[in-house]
Amino acid sequence: MERTKTRAAAAAARELRRKLGDQAVVTDAARLVELGGDKWFAHRQPDFAVFPRTSAEIAEVMRVTSEKRLPVTTRGSGYGYVGGCVPAIGGVVLGTQRMNGIKEINRADFVAVVEPGVITGELQSAVRRKGLFYPPDPASLQHCSIGGNIATNAGGPRCLKYGVTRNYVLGLEVVLANGAIVKCGGRTHKNKTGFDLVGLFVGSEGLLGIVSEATLRLLPFPPARAVLSAGFRDMRAASKAIRAMFAAGFLPAAVEIADRFTLEAARQFRPGNSFPPGDAHLLIEVDGQRESVHAEARSIARLLRAEKATAIERATDERSCARLWKLRRAFSESLRATGLKKLNEDVVVPRGRLVDLVDFARDLQARSGFPIACFGHAGDGNIHVNIMVPNDDEPEIQARAESALDELFAKVIAWGGAITGEHGVGLAKMRWWDLALSKENRALHQTVKGALDPQRLLNPGKFV
Ligand SMILES: Cc1cc2nc3c(=O)[nH]c(=O)nc-3n(C[C@H](O)[C@H](O)[C@H](O)COP(=O)(O)OP(=O)(O)OC[C@H]3O[C@@H](n4cnc5c(N)ncnc54)[C@H](O)[C@@H]3O)c2cc1C
């Protein structure tokens, strides 16, 4: 069976090389190793990789591979956190790296039309030069692709005010498992023709089709922003300040929280750039017109002082705002620099449960014996709970870590939360898939998958 599959893969690689050119097909073992993983722990080398340049070429790949019943796993930049682009049962990796063109930025329609391999940060810079704004801002934006963002429905700090990637996808071109090219949605900012097929493909983690082009919604670029960095005695005090801010009618663009372990790691990692004193930290951004931004930032600062902030730094020019965000974006790196293995869980709870989640993480830390670092998008209830485990493969440690994760996910689900707010299920969260959704909901996933990909060739070995 395995030998037949290898023969089929070799024949497919030859055929695709003939049809798409030598450059399009990679069979070199060292490169295939690189293409077998993402930023999570799983890895599997594909039989070969193919890098098409057009939608028609993707369709050709799908025709050849489906005829030979070869699995195909789409890969954007490989910056995922859940093993989503890992070819779990081998087969073919289809990379979108060579489809990285911005086809159009239209100031009249407020849309951008892009190929899937465009890097998110590059799109943001390109539209900004035209006075336009593409808000979704995953922390990985300098590396990850728009196709990957769409397939995972990526979020980021600015989701609080602006929403997730789904809110910016107006139209999609998708290549199905049988090679058919389907266009859904369009370039209008409203569209209620038929089912919401755009919504079906957004967040589908490469299991239903391959995004070959996207039409994205743009906004006018807000001319001003201000960032507040505030210290608090502890996470409870910081969470209470967030509640007070919402109660007073403020809707900042972003509200990010960080706990003591995260702050300590960041202070050690970047000693020159200290955070305000205290065991908890809030980073708050407001944006809009200059006068209103300045007035709002002043009012929020007053409110934070009333909520007993230990210190507040207010940045109103672009350079100082960027400096404060740079510190926030280094949290992941700082935690990794501790030498511990970071089990990063992007759980999300209903907003009202934020304090409960923080308390639960503190108790879980005591019970499990592992430090737990919490930081993230507090305004959305989407906190990255990082269980920091010793970096070795000892079975006892692994079992203890799994059991801590089981406890975390069970609690989050019991509160009406979700096991993933933005990274996706991939391979990392498969263990909790049955717990996360009802039997009927999982059966519906199977029905949709069966209808679009009856041979189950797209990204097999994952949660559906
Ligand atoms: C340091 C760091 C910080 C991060 N911060 C955030 C954050 O703030 N918010 C957030 O949401 N995520 C974050 N992530 C996770 C990750 O960056 C996102 O999931 C991102 O969307 C992945 O994009 P990618 O191009 O790297 O996709 P990949 O990792 O290559 O693929 C991800 C999934 O998308 C599928 N896919 C990729 N392209 C296509 C396509 N064209 N058509 C169909 N399916 C496709 C793959 O099969 C896979 O299932 C972070 C990751 C890192 C390493």
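The structure this text deals with has already been given above.
First, a word on what this report is: a plain description of the structure on this page. (Residues numbered from 1 in each chain as written. Predicted model: local features only at pLDDT ≥ 70, side-chain atom pairs only at ≥ 80, totals over all residues. Heavy atoms only, no water.)

A few points about the site of the ligand
Part 1: The ligand sits among 33 residues. The nearest are T74, G76, Y79, S140 and S145.
Part 2: Within the backbone of T74, one N or O atom sits 2.7 Å away from an oxygen atom of the ligand.
Part 3: Out of a free accessible area of 990 Å², the ligand has 96% covered by protein chains.
Part 4: Broken down by secondary-structure element, the contributors of at least two residues to the shell around the ligand are β3 (72–75), α5 (146–152) and β10 (210–217).
Part 5: Among the elements that line the shell around the ligand, the one with the most residues is α5, at five residues.
Part 6: Split by residue class, the shell around the ligand holds 11 nonpolar, 18 polar and four charged. (Near = heavy atom within 4 Å. Polar contact = N/O pair within 3.5 Å; in protein donor to acceptor, adjacent residues only side chain to side chain. Areas by Shrake-Rupley, 256 points an atom, 1.4 Å probe, with all protein chains shown as cover. Helix = DSSP H or I, 4+ residues; strand = E, 2+ residues; numbered from the N terminus. Nonpolar A, V, L, I, M, F, W, Y, C, P; charged D, E, K, R; others polar.)

What to know about the pattern of salt bridges
Working definition: two side chains of opposite charge can pair if their charged atoms are close together.
Part 1: Within this structure, the stated rule accounts for 34 salt bridges.
Part 2: Here K68 and E67 are joined by a salt bridge, their closest N and O atoms 3.5 Å apart.
Part 3: K68 gets classed as partly exposed once you look at its relative accessible area, which sits at 23%.
Part 4: On the accessibility criterion, E67 (61% relative accessible area) is exposed.
Part 5: A salt bridge links K183 to E173, with the nearest nitrogen and oxygen atoms 3.2 Å apart. You can see K183 sitting in strand β9 (residues 181–185) and its partner E173 sitting in strand β8 (residues 169–175), a full 10 residues away along the chain. (Salt bridge = Lys/Arg side-chain N within 4 Å of Asp/Glu carboxyl O. Buried < 20%, exposed > 50% of the residue type's maximum accessible area, 1.4 Å probe, protein only.)

Some remarks on the nonpolar core
Part 1: In terms of nonpolar packing, the biggest core is built from 54 residues, with F232, L304, L357 and I387 touching the most fellow members.
Part 2: With residues near it in sequence (within four places) discarded, L304 still touches L228, A230, F232, A241, I284, A309 and I312.
Part 3: Counting residues in each nonpolar core, the second largest holds 29 residues, with V114, V127, L176 and V211 among its members. (Core = buried A, V, L, I, M, F, W, Y, C linked by side-chain atoms within 4.5 Å. Contact = heavy atoms within 4.5 Å.)

Here we look at the packing of helix α8 (residues 235–247) against helix α13 (residues 354–368)
Part 1: Packing of α8 against α13 leaves a shortest axis separation of 10 Å and a crossing angle of 170°. Regarding the angle of α8 to α13, the classification is roughly antiparallel. Packed against α8, whose contacting residues are M235, R236, S239, I242 and R243, the element α13 presents L354, V355, V358 and D359 at the interface.
Part 2: Of the residues assigned to the contact of α8 with α13, the class counts are five nonpolar, one polar and three charged. (Axes fitted to C-alpha atoms, helices over the stretch in contact; angles between N-to-C directions. Parallel < 35°, antiparallel > 145°, perpendicular 65-115°, else oblique.)

Digging into the sheet that holds strand β2 (residues 48–50)
Part 1: An order of β1-β2-β4-β3 is seen for the four strands of this open sheet, with the pairing classed as mixed. A single partner strand is all that each edge strand has here, and the edge strands are β1 (25–26) and β3.
Part 2: One ladder, built from four bridges, connects β3 with strand β4 (residues 92–95); its direction is parallel. Looking at β4, one finds that T74 is bridged to L94.
Part 3: Against the sheet, helix α3 (residues 55–67) engages β2, β3 and β4, with an angle of about 170° to β4. (Pairing = 2+ DSSP bridges.)

Overview of the sheet that holds strand β15 (residues 311–315)
Part 1: Spatially, β15-β12-β14-β13-β17-β18-β16 is the arrangement adopted by the seven strands of the open sheet, whose pairing is antiparallel. Each edge of the open sheet is held by one strand with a lone partner, namely β15 and β16 (341–345). Within the sheet, the average angular offset between the axes of one strand and its neighbour, ignoring direction, is 15°.
Part 2: With five bridges connecting them, strand β13 (residues 254–258) and strand β14 (residues 280–288) associate as antiparallel partners. Directly across from A254, in β14, lies its bridge partner E285.
Part 3: Along the sheet face, helix α10 (residues 290–306) touches β12 (224–232), β14 and β15 and points at about 10° away from the line of β12.

Interpretation note: all reported values are geometric properties and have no functional meaning in isolation.
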